[in-house]
Number of protein chains: 2
Amino acid sequence: MYEMTIQLQTDSKVRLYEQIYRHIKQEIIEGKLLAGERLPSTRSLAEYLQVARSTVDEAYGQLCDEGYIEACPYRGYFVCAVEELLQVEGTYSGNVPKGSSQLTDALKEQQTTADGGFEAHTSKRAWQVDFSPYAIDMSGFPMSVWKKMSRKVLTEAGVDLFAKGDAKGDMSLRRSISRYIHSARGVECTPDQIIVGAGNEYLLMLLEKILGGKLRIAMENPTYERSYRIFHSFDYDVVTVPMDEDGMIVEELKKTKADVAYVMPSHQFPTGTVMPIGRRMELLKWANGAESRYLIEDDYDSEFRHRGKPIPALQASDKRGKVIYIGTFSKAIAPAIRVSFMVLPPALLEKYQADCGFYSCTVSRIDQCILDGFISEGYFERHLNKMRKIYKEKHDLLMECLKPLRGAFEISGENAGLHLLLTSKSDKSERWLLETAASVGVKVYGLSDSIVDAGTEPPCGTVLLGFGGLDESAIRRGVELLQKAWLK
Amino acid sequence: MYEMTIQLQTDSKVRLYEQIYRHIKQEIIEGKLLAGERLPSTRSLAEYLQVARSTVDEAYGQLCDEGYIEACPYRGYFVCAVEELLQVEGTYSGNVPKGSSQLTDALKEQQTTADGGFEAHTSKRAWQVDFSPYAIDMSGFPMSVWKKMSRKVLTEAGVDLFAKGDAKGDMSLRRSISRYIHSARGVECTPDQIIVGAGNEYLLMLLEKILGGKLRIAMENPTYERSYRIFHSFDYDVVTVPMDEDGMIVEELKKTKADVAYVMPSHQFPTGTVMPIGRRMELLKWANGAESRYLIEDDYDSEFRHRGKPIPALQASDKRGKVIYIGTFSKAIAPAIRVSFMVLPPALLEKYQADCGFYSCTVSRIDQCILDGFISEGYFERHLNKMRKIYKEKHDLLMECLKPLRGAFEISGENAGLHLLLTSKSDKSERWLLETAASVGVKVYGLSDSIVDAGTEPPCGTVLLGFGGLDESAIRRGVELLQKAWLK
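Computed from a prediction, not measured in an experiment: that's the story for all the values here.

Calculation notes
- Residues numbered from 1 in each chain as written.
- Chains lettered and ligands numbered in written order.
- Predicted model: local features only at pLDDT ≥ 70, side-chain atom pairs only at ≥ 80, totals over all residues.
- Heavy atoms only, no water.
- Helix = DSSP H or I, 4+ residues; strand = E, 2+ residues; numbered from the N terminus.
- Buried < 20%, exposed > 50% of the residue type's maximum accessible area, 1.4 Å probe, protein only.
- Contact = heavy atoms within 4.5 Å.
- Areas by Shrake-Rupley, 256 points an atom, 1.4 Å probe, with all protein chains shown as cover.
- Phe/Tyr/Trp six-rings, centres within 6.5 Å; stacked < 30°, edge-to-face > 60°.
- Lys NZ or Arg CZ within 6 Å of the ring centre and 35° of its normal.
- Buried area = accessible area lost by both parts, 1.4 Å probe.
- Salt bridge = Lys/Arg side-chain N within 4 Å of Asp/Glu carboxyl O.
- Polar contact = N/O pair within 3.5 Å; in protein donor to acceptor, adjacent residues only side chain to side chain.
- Nonpolar A, V, L, I, M, F, W, Y, C, P; charged D, E, K, R; others polar.
- Pairing = 2+ DSSP bridges.
- Axes fitted to C-alpha atoms, helices over the stretch in contact; angles between N-to-C directions.
- Parallel < 35°, antiparallel > 145°, perpendicular 65-115°, else oblique.
- Left-handed = near helix turned anticlockwise from the far one by under 90°.
- Least-squares fit on C-alpha atoms with pLDDT ≥ 70 in both.
- Expected span 1.5 Å × (residues − 1).
- Arc of directions from axis to C-beta.
- Core = buried A, V, L, I, M, F, W, Y, C linked by side-chain atoms within 4.5 Å.

Remarks on the overall build of chain A
So, step 1. When you go through chain A residue by residue, the secondary structure sums to 17 helices and 16 strands.
So, step 2. Counting only residues that meet the buried cut, chain A has 63% of its 488 residues in that class.
So, step 3. Contacts spanning at least 24 positions in sequence make up 74% of the contacts within chain A whose residues lie at least 6 apart.
So, step 4. In the form shown here, chain A has an accessible surface area of approximately 18,300 Å², with 48% of it arising from carbon and sulfur atoms.

What follows is the structure, encoded as C-alpha cells:
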C-alpha cells in the first residue's frame, strides 16, 4: 500500500482538496505511484490527514475524471496506466494547478460546457417544451455591461479603429485570450500563436488553407454534426472512428490512415465523454508518429462543468506541437458576438505566416475591443461565474426531476455541459421516445442525429435532453410530460 | 449617316446628356444603329438638338466608356460591334437607366473606385510621401454618424440581437444592399440571393465550398495580387489570361479550359481598364458555353469614378445566371467594418442552400444593424457623395500636378478609382523609377507586383500612383519630388 507523504497547508489559498489532488497527480507523473497501485481508502486518508472525508472524495473524484485513477467497486481506487507519462511533466502537472492568474480562482469553481456555432434556441413551433441541446440561456446575457463596454469603446475610438487591423486579431485581445485560456484551460501559447476569427467555421476554413492539400480527417462517431458537414464541404476524406467510454479508440484511428483527428476531449458532443489522461496520451503518441499528423481540439464547451474543477485542455499535454486548439465565445457569452479563436502550434504558425498571412481578420476592430475590455476588466470572469451557477441550478433541478425516470432510463454525460443523455433500459427505440414525447408537446433529440457514418447501426433508445435554454418551470413541466409519455 | 430622332424633355429630372446617352444606347441595342455606322459629330448633333456641345460630349464620352461607340481621330464616332446584343435587352438597357430609387440620382453623380480587402495605408516608415494604391482617405470616415448609429442600435437592441441570426445575414440589411446595388450598379437580384460575410476573402472561401471540387480558375494578368494568393491557397488550378485594352482576351481564356474566370470589369486592378460592352458579351457567351462555367465579378471599386456616370456591373448584363457578383463596403466606408456581400445566381443559390446553409454569418448582428441603418437612413448616400467629391479633387489635383511629367510619361487608368498608372515613354525601367523615387523619399508601386504569372515578362517602366490616402500638400510635394527624381 502506497504511503501518503503530503504536507497539507491549511493557511494556503489553495483549497485542501486541490492540494491532495495535485500531490497525488504529481506522484503519478513522477512515477512514485505506479499503474495498478491501490490508493488508501477515502476514509483512512481523511483520518490520516485530519480532513473531512468529503475533501478526499473531491480530490479522488477529480483524479478519476481526468483518468489518473479509477474506482473499482468494493475494491477501492487504483492508479491507471498512462502512456508516455514523462512527456507531460512540467506541462500537465505544472501549468494547470500553478495557473494562478486572477481568473483561475474564479474558474476553479467552474464546470465545463459546449459550442462551435451553437444556436440560441428557444421553444418555437408548437412545442410546449423544447429540450434543445444547442440552446443557451440568453436571459443571462450581460446586456447592460456589454452595452456599457460598447459605448466606452465607441466614445474612445479614434479613426484608426476603423482602419485595417492585424490579420490575426488585435494584439491586446490576443493577449487577453492567451491569459484566459492559460489560466482556465491550461493552454500553453504566446499571443502570437492565436488567430481570432468570426466563428469556428471560418477558422476551420482557414485551417484547411494552412494545412493544405487533400487530407483524410478522422472524427469520433457520434460527433458534432455541424463539424462533420463542414469537413464534408471541404475537399477532405472524412472517416469516422468508434468510441468507447474513454473516447475515440486509438487502435481504430490507426487503421483509418488519417492525417488529422478532430476531437472534443474535455466534453465530447453528444456523449458527454471526458477523455481521460491515458487516452489523451495515446492520441498524442499517434500524432507524434508522423510529421504531418495533427489533432484538432474543439474545446467548444469548456466553461461549464457541474462536478470537480475544469479538466485541462488536451493542448496542455502536448509537448511536440501537435494540437490545434479551437475555442469560442459563442456559448459562454452569446452566439451573435461571433468571436472564436484558434491556437496554432509553431510549425503551422510558420505555414500560416508564409501562405495565409494575407487573409484579413474577419472580426471588426470595434467588436474586438469590446470583447477585450469585457475580458480584461473582469466582466467575463463575473459573467462566467454567474452562468455557471445558473446552469448548475438548472442541471441539478433536471437531475432531481428525472428521479422518477431512473428506473427506466440510464443517465449519462451529466457532469458537464448543457445537456445529458437518457438511454432506455427496456427495448424502447429512439423513434418511440421521440414520437411519444412529441405527442405530449415535448421535443427531445435523438442520438442518431449525431451518428454521422451511414454504415453505423444507430444504438436504439438514447435521447439528448438540453436544459441551457429552459427556465425552472419549463424543466419541471417538460419532465412531467415526459413521464406521462414514457412511463404510462 | 444615322438620323437622330430623339425628343429631349427639358422638364425631365433626367439630365439632357443622360437622355441622349440612353437614346443612342437603346438604338444600338435594338439594332437601329449598326456596328460601323458613324454618329453625327458632337457639334452638329448639339446644333440639331439645340443643346450645348459639352452635353453631347458627355453623352458620347459615356457611350465610349461603356464600349457602345468608339472615337476615331479625325473621322468621328462609330458604333462598335457588340456580341450577343439582343440578349442584354431589358437588362442592360432597361434596368440601369430606369433604376430610379432614391439613391439613383445621388449615385448618378458618382464615380467608381476599388477594394477587396484594401488597407488604409498612411505614409509610414521613412517615406516622405507614399503613393499607395491601396490607401483610402480615413479622415473622411463618417465617425460621428457611425457612432451615433452605433449608439442608436445599442440602445434599441434587445437580447435577440445577440442570439444567432440568419446565416446569409439579416434580411433587412440584405434588402438595403439589394436596393443599393440595383440602383447604383444595375445588379438584378432578390435579397434572397445575397450573402453577407466578413470580407471578400471569407466570401471567396465560402464560394469555393459552394462551387465544390478542384476547379481551374482564370485571372487577368496583371491582376489583384491578393485574390491571386487566395485562389492559390485553395485547391485550385490558377491560370492567367493576357489582357488587351478591353480587358481579358476571351480567345485566350478559351484556350485555358478554365471553369471559372475572375474579372474586375468596372475598373480592373491595376490597369484601370473598363471592360466595354462587347467584351462583356463575349465573356458571358463563354460562360454560357457550359453549365459549370461561371464568372466572378469583383466589383471592388464601383463607387468612385471621375468621369461620366458609373458603368453598370457585368451582372446587370447576365441573363443566364452566370455571374457571381462580389461587392464590399471596405473601400467606400472603412476597411475595419468588415462587411462584404456576394450575389449568387439561382443555380448556385440552390447549391448553397443544400450544401453550405449551415455556415453561420460571420458578421455580428450589431454590426449588420449599424450598417443597415447607415444605408437605409440615407447616410451612406451622403457619405459616398462627399467621398466622391474629395477623391475627385485629389484626382484632379494629381492630374494637374503631373502636367510637367507628361512629356516623359503616358498616363492611364485615370478615369476611375484611387490610383493611376504612369508609363515611361523613354527606356526607364520600373526598377529605376522605384529606386530614384525612393532616393527622394517617395514610394511608388511597380506594376510588376500585380503580374502574377512568373512566365510573363514584366512590362518595363510602369508605376502605380495612388492618391486616396494623401492630402493636398502631400500630393503636391510628392509629385515635385518625383519630378526632381525622374526629370533631372
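Now, onward.
Regarding unusual backbone geometry
So, step 1. In this structure, A:P222 follows A:N221 across a cis peptide bond, with omega equal to 5°.
So, step 2. When you line up the elements, A:P222 lands in the loop between β5 (216–221) and α10 (225–233).
So, step 3. In this model, B:F269 is joined to B:P270 through a cis peptide bond whose omega is 5°.
So, step 4. Among the structural elements, B:P270 can be located in the loop between β8 (260–263) and α12 (277–288).

Structural notes on the packing of aromatic side chains
So, step 1. Taken as a whole and judged by the stated rule, the model has 45 aromatic pairs over all chains.
So, step 2. With a centroid separation of 4.7 Å and 70° between ring planes, the pair formed by A:Y60 and A:Y77 is classed as edge-to-face. On the criterion of sequence distance, the pair formed by A:Y60 in helix α3 (residues 53–65) and A:Y77 in strand β2 (residues 76–79) is long-range, its members being 17 residues apart.
So, step 3. On the basis of relative accessibility, which here comes to 21%, the residue A:Y77 falls in the partly exposed class.
So, step 4. Cluster of aromatic residues (ring-pair linked, three or more members): A:F141, A:W146, A:Y180, A:Y325, A:F329, A:F341, A:F374, A:Y379, A:F380 and B:F162.
So, step 5. Above the ring of A:Y294, the side-chain terminus of A:K322 is found at 4.7 Å from the ring centroid.

A few points about the interface of chain B and chain A
Interfaces are often sized by the amount of accessible area the parts lose when they come together.
So, step 1. Opposite the 48 residues of chain B that make contact, chain A presents 48 residues.
So, step 2. When chain B packs against chain A, close to 4,200 Å² is buried across both sides, 63% of that on carbon and sulfur atoms.
So, step 3. Among the residues chain B hides against chain A, the three largest losses belong to B:F162, B:K164 and B:F358. Together they make up 17% of the total.
So, step 4. The tally of links between chain B and chain A comes to two salt bridges.
So, step 5. Of the charged contacts in the structure, one is a salt bridge between B:E208 and A:K209, with a shortest N-O distance of 2.4 Å.
So, step 6. Seen at the junction of chain B and chain A, the total is 22 residue pairs in polar contact (both at pLDDT 80 or more).
So, step 7. Going through the elements one at a time, α7 (143–156), α9 (200–211), α10 (225–233) and α14 (365–376) of chain B are the ones with two or more residues in the side of chain B that touches chain A.
So, step 8. Considering each element in turn, the side of chain B that touches chain A owes the most residues, seven residues, to α7(B).
So, step 9. Looking at the side of chain B that touches chain A residue by residue, the classes come out as 27 nonpolar, eight polar and 13 charged.

Things to note about the sheet that holds strand β7 (residues 247–248) of chain A
All names here are of chain A.
So, step 1. Sheet architecture is open: eight strands sit in the order β4-β11-β10-β9-β8-β5-β6-β7, paired in mixed fashion. Every interior strand has two partners, whereas the edge strands, β4 (194–197) and β7, have only one.
So, step 2. Across the sheet, helix α9 (residues 200–211) touches β4, β8 (260–263), β9 (294–298), β10 (323–328) and β11 (340–343), and the angle it forms with β11 is around 30°.

Some remarks on the packing of helix α2 (residues 42–49) of chain B against helix α3 (residues 53–65) of chain B
Residue and element names in this part refer to chain B.
So, step 1. Look at α2 against α3: their axes get within 8 Å of each other, and the N-to-C directions meet at 120°. When the axes of α2 and α3 are compared, the pair comes out oblique. Classified by chirality, the crossing of α3 by α2 is right-handed. On α3, the residues touching T42, R43, L45 and A46 of α2 are R53, V56, D57 and Y60.
So, step 2. Its residues placed into classes, the contact of α2 with α3 shows four nonpolar, one polar and three charged.

Topic: the relation of the copies chain B and chain A
So, step 1. For the pair chain B and chain A, the superposition axis carries a translation of 0.0 Å, the fit reaches an RMSD of 0.1 Å, and the rotation angle comes to 180°. Seen this way, the second copy is the image of the first under a two-fold rotation axis.
So, step 2. The share of interface residues of chain B whose copies in chain A are also at the interface is 100%, consistent with both copies meeting through the same surface.

Notes on α7(B)
All names here are of chain B.
So, step 1. If you check α7, its first and last C-alpha atoms are 20 Å apart, about what 14 residues at 1.5 Å a residue would give, namely 20 Å.
So, step 2. If you check which residues of α7 are buried, you get M143, W146, K147, M149, S150, V153 and L154. Within α7, the buried residues cover an arc of 160° as seen down the axis, which keeps them to one side. Every exposed residue of α7 that faces more than 90 degrees away from the buried side is listed here: S144, T155 and E156.

Notes on the sheet that holds strand β15 (residues 445–446) of chain B
All names here are of chain B.
So, step 1. What the four strands build is an open sheet, ordered β12-β13-β16-β15; its pairing is antiparallel. The open sheet has two edge strands with one neighbour each: β12 (409–412) and β15.
So, step 2. In this sheet, strand β16 (residues 462–466) lies alongside β15 in antiparallel orientation, the contact comprising two bridges. Bridge pairing in β16 places G446 opposite V463.

Looking at the packing of helix α16 (residues 430–439) of chain A against helix α17 (residues 472–486) of chain A
Residues and elements named next belong to chain A.
So, step 1. Interhelical geometry of α16 versus α17 gives an angle of 120° and a closest axis separation of 9 Å. Viewed along their axes, α16 and α17 adopt a mutual orientation that is oblique. By crossing handedness, the relation of α16 to α17 is classed as right-handed. When α16 is examined against α17, the residues W432, L433, T436 and A437 are found in contact with a partner set consisting of L482, A485 and W486.
So, step 2. A class-by-class count of the residues in the contact of α16 with α17 yields six nonpolar, one polar and no charged.

Some thoughts on the pattern of salt bridges
Residue and element names in this part refer to chain B.
So, step 1. One pass over the structure, following the stated rule, counts 48 salt bridges over all chains.
So, step 2. Between R279 and D244 there is a salt bridge, and its shortest N-O distance comes to 2.8 Å. In this pair, R279 sits in helix α12 while D244 sits in strand β6 (residues 237–244), placing the two residues 35 residues apart along the sequence.

Overview of α10(B)
So, step 1. Residues B:R226, B:S227, B:Y228, B:I230, B:F231 and B:S233 constitute the buried set of α10(B).
So, step 2. On its buried face, α10(B) is in contact with α9 of chain A together with α9, β5 (216–221), β6, β8 and β9 (294–298) of chain B.

Examining the pairing of β16(B)
Residue and element names in this part refer to chain B.
So, step 1. Of all five residues in β16, five are buried, a share of seventy percent or more.
So, step 2. A two-sided burial pattern is seen for β16, the buried positions comprising T462, L464 and G466 on one face and V463 and L465 on the other.
So, step 3. Looking at chain direction, strand β13 (residues 419–424) and β16 are connected through five bridges and run antiparallel. Paired with T423 across the two strands is T462, which belongs to β16.

Considerations on the side chain of A:K394
So, step 1. Turning to its location among the elements, A:K394 is positioned in helix α15 (residues 379–401).
So, step 2. Polar side-chain contacts of A:K394 include one of 2.8 Å to the side chain of A:D137.

Here we look at the nonpolar core
So, step 1. Counting residues in hydrophobic clusters, the biggest one holds 148 residues, and the most contacted among them are A:F162, A:F329, A:W486, B:F162, B:F329 and B:W486.
So, step 2. What B:F162 contacts, discounting residues up to four positions off in sequence, is A:M138, A:F141, A:M143, A:W146, A:A334, A:P335, A:A336, A:I337, B:A157 and B:I366.

As for the environment of B:V159
So, step 1. Relative to the assigned elements, B:V159 resides in the loop between α7 and α8 (171–185).
So, step 2. Excluding anything up to four places from it in sequence, B:V159 contacts A:M138, A:F141 and A:M143.

Section: the environment of A:K484
So, step 1. Looking at the secondary structure, you find A:K484 in helix α17.
So, step 2. Considered as a pair, A:K484 and A:A437 are 47 residues apart in the sequence and their alpha carbons are 8.8 Å apart.

Regarding the side chain of B:H395
Residue and element names in this part refer to chain B.
So, step 1. Structurally, H395 is set in helix α15 (residues 379–401).
So, step 2. Given the relative accessible area of 8%, H395 is considered buried.
So, step 3. Discounting chain neighbours no more than four positions away, the residues touching H395 are H306, E414 and F467.

Let's talk about the environment of A:L384
So, step 1. Looking at the secondary structure, you find A:L384 in helix α15.
So, step 2. Sequence spacing of A:L384 and A:A332 is 52 residues, and the spatial spacing of their C-alpha atoms is 6.9 Å.

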